[in-house]
Amino acid sequence: MGELMKYSAVATKIRAMESRLLSNEDFAKLAAMENVPQAVAYLKKIPAYEALFKGYDETELHRGQIERLLVGTLYYDFSKIYRFCDKEQKKILRLYFSKFDIAIIKRAFRRAFNHGDRTAEEKELRSMVQRYTDIPLEKLAETGTVPEILEALKGTEYYKVLQKLDHVESASLFDYEMTLDLYYFSMIWKQNSKQTKGKTKSLLARSLGSQIDLLNMMWIYRAKKYYQMSEASTYTLLIPVTYKLHDSDIRAMVAAADERALEEAIQKTYYGKRFMKLDSRELETVYDRFLRKVYTEEKRQNPYSLAAITGYLYDKEQELDKLTTVLEGVRYGLPASETLKYIEQSKDAGNQ
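Residues numbered from 1 in each chain as written. Predicted model: local features only at pLDDT ≥ 70, side-chain atom pairs only at ≥ 80, totals over all residues. Heavy atoms only, no water.

Asker: Would you mind going over the overall build of the protein chain with me for this structure?
Answerer: Along the backbone of the protein chain there are 20 helices and 0 strands. Whereas a compact globule of 352 residues would reach a radius of gyration of roughly 20 Å, the protein chain reaches 21 Å, a difference of no more than 12%. If one aligns the C-alpha atoms of the protein chain with their principal axes, the spans along those axes are about 55 × 50 × 45 Å. Burial statistics for the protein chain: of 352 residues in total, 52% are counted as buried. (Helix = DSSP H or I, 4+ residues; strand = E, 2+ residues; numbered from the N terminus. Rg over C-alpha atoms; globule rule 2.2 N^0.38 Å. Buried < 20%, exposed > 50% of the residue type's maximum accessible area, 1.4 Å probe, protein only.)

Asker: Looking at this structure, how should I read the environment of Glu-142?
Answerer: By the element assignment, Glu-142 lies in the loop between helix H9 (137–141) and helix H10 (146–152). Its relative accessible area of 66% is what places Glu-142 among the exposed residues. In this structure the C-alpha to C-alpha distance between Glu-142 and Ala-31, which are 111 residues apart in sequence, comes to 34 Å.

Asker: Would you take a moment to explain a nonpolar patch on the surface for this structure?
Answerer: Nonpolar side chains collect at one region of the surface, where Phe-174, Tyr-226 and Tyr-227 lie side by side and expose about 350 Å² of accessible area between them. Mapped onto the secondary structure, Tyr-226 falls in the loop between helix H13 (198–225) and helix H14 (231–237). With a relative accessible area of 52%, Tyr-226 lands in the exposed category. (Patch = residues over 30% accessible without salt bridge, like charges linked within 9 Å, V, L, I, M, F, W, Y side chains within 5 Å. Areas by Shrake-Rupley, 256 points an atom, 1.4 Å probe, with all protein chains shown as cover. Salt bridge = Lys/Arg side-chain N within 4 Å of Asp/Glu carboxyl O.)

Asker: What exactly am I supposed to notice about the nonpolar core here?
Answerer: The nonpolar side chains of soluble globular proteins are, as a tendency, buried together. Counting 117 residues, the largest nonpolar core has Tyr-49, Phe-78, Ile-81, Phe-109, Met-253, Ile-309 and Leu-323 as its most contacted members. Not counting residues up to four positions away in its chain, the partners in contact with Phe-78 are Leu-93, Tyr-96, Phe-97, Phe-100, Tyr-132 and Leu-313. (Core = buried A, V, L, I, M, F, W, Y, C linked by side-chain atoms within 4.5 Å. Contact = heavy atoms within 4.5 Å.)

Asker: Just checking my understanding: could you explain the packing of aromatic side chains for this structure?
Answerer: For any pair of aromatic rings, geometry is given as the distance between the ring centres together with the angle between the planes. With the rule as written, the count across this model stands at 21 aromatic pairs. Judged by centre distance (6.1 Å) and plane angle (45°), the ring pair of Tyr-75 and Phe-97 falls under tilted. Taken together, the positions of Tyr-75 in helix H5 (residues 63–83) and Phe-97 in the loop between helix H6 (87–96) and helix H7 (98–114) put the pair 22 residues apart, joining distant regions of the chain. Judged by its relative accessible area of 1%, Phe-97 falls in the buried class. With centroids separated by 5.0 Å and ring planes inclined at 90°, the aromatic side chains of Tyr-270 and Tyr-271 adopt a geometry described as edge-to-face. (Phe/Tyr/Trp six-rings, centres within 6.5 Å; stacked < 30°, edge-to-face > 60°.)

Asker: What is the right way to look at helix H20 (residues 336–344) in this model?
Answerer: Spacing of three or four residues puts side chains on the same side of an α-helix, whose turn is 3.6 residues. Burial in H20 covers these residues: Thr-339, Leu-340 and Ile-343. Buried residues in H20, looked at end-on, bunch into an arc of 95°, giving them a common side. Turned more than 90 degrees from where H20 packs its buried face, Ser-337, Lys-341 and Tyr-342 sit exposed. Those residues of H20 hidden inside the fold are in contact with helix H2 (24–31) and helix H19 (306–331). (Arc of directions from axis to C-beta.)

Asker: Which parts of the structure should I look at to understand the confidence of the model for the protein chain?
Answerer: Any residue range with low pLDDT should be treated as having predicted coordinates unsuitable for detailed reading. Chain-level pLDDT for the protein chain is 90 on average; 95% of the residues reach the 70-or-more range. Throughout residues 348–352 the model reports pLDDT below 50, and contacts reaching past four residues in sequence, or to other chains, amount to 6 contacts. (pLDDT = per-residue confidence, 0-100.)

Asker: Which parts of the structure should I look at to understand the side chain of Asp-213?
Answerer: On the secondary structure map, Asp-213 appears in helix H13. Buried Asp-213, no salt bridge; nearest opposite-charge side chain is Lys-244, N-O distance 8.0 Å. At 2.6 Å, the side chain of Asp-213 forms a polar contact with the backbone nitrogen of Lys-244. Beyond its immediate stretch of four places on either side in the chain, Asp-213 contacts Val-241, Thr-242, Tyr-243, Lys-244, Leu-245 and Tyr-271. (Lys, Arg positive; Asp, Glu negative; His and termini not counted. Polar contact = N/O pair within 3.5 Å; in protein donor to acceptor, adjacent residues only side chain to side chain.)

Asker: Explanation requested: the packing of H19 against H20 in the structure shown.
Answerer: The axes of two packed helices give the description: the angle between them and the distance between them. Direction vectors running N to C along H19 and H20 enclose 160°, while the axes themselves pass 9 Å from each other. As summarised for this structure, H19 and H20 are arranged roughly antiparallel, according to the angle between their axes. Crossing handedness for the pair H19 and H20: right-handed. Facing Lys-322, Thr-325, Val-326 and Gly-329 of H19, the residues of H20 in contact are Thr-339, Tyr-342 and Ile-343. (Axes fitted to C-alpha atoms, helices over the stretch in contact; angles between N-to-C directions. Parallel < 35°, antiparallel > 145°, perpendicular 65-115°, else oblique. Left-handed = near helix turned anticlockwise from the far one by under 90°.)

See the structure below:
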């Protein structure tokens, strides 16, 4: 009864927001658009996107601006949910927001390494996002080099983490992104153990733990397949947390002499037993499907809990990924049927 009362208001708000998520029919219509401005004009009529796209002329929006506005709708939804939460729920959501912190910093590094001009969010949205983060967004948005990014991050928890790479000769974008990922998952796993309890703790443990296990499996596969890394170097890539994987599973996968041996090791894991056809090449597909299964089940079984919030935010992120894919298909003039094939896999993911 306590959880029901505690989450009733926010759960009601989220159900209203879920009704505004794009339908399969919306994606089909968008994929059939003749050009991107026409697709954006369609989005402007949908309540979930109207607020942020309002005031922009779709014929003048370039690719970077559109992507920034799409990211902005995720922050906008987070903000709406946050306002409905009590003090304890807000504390957990601020912890959850560190996921977006990492995404913002990663985009800054990608801009520095790829010499792009895209930032994490539209300037008009930074004041809203700044409420939930210690990252100086205005200062970070002006950076164009790695030293400038590090200077902008001074005083934040991320500075000390990234400063360690100063001792790495010719540190790559991969190095910076991997360092951020390792820090994020290790930190949030530890904070979940300290700051949460009861059902909230177990819900976060399941979603986070599954994600960590599958990411570690994918990184082991990539280290062997694409980089031919030594066992010692492979271990440095891994998040030092296990959920359903055992230490013996990790050791067996890292020590595998070839792809066949790796697949045999994978088949013996919790995930290998649940997905009978799981092999090393299927890991990314299984990652998406399994996470969707976790979030869908948790939300269905615990509708008045943190799962309502995390489940919605996950669905929104998936929607934005699919929407970006559809807009790219329209941009390059792909037939609607071909564009929709790229998002087909996620439709039935929750049933796997």
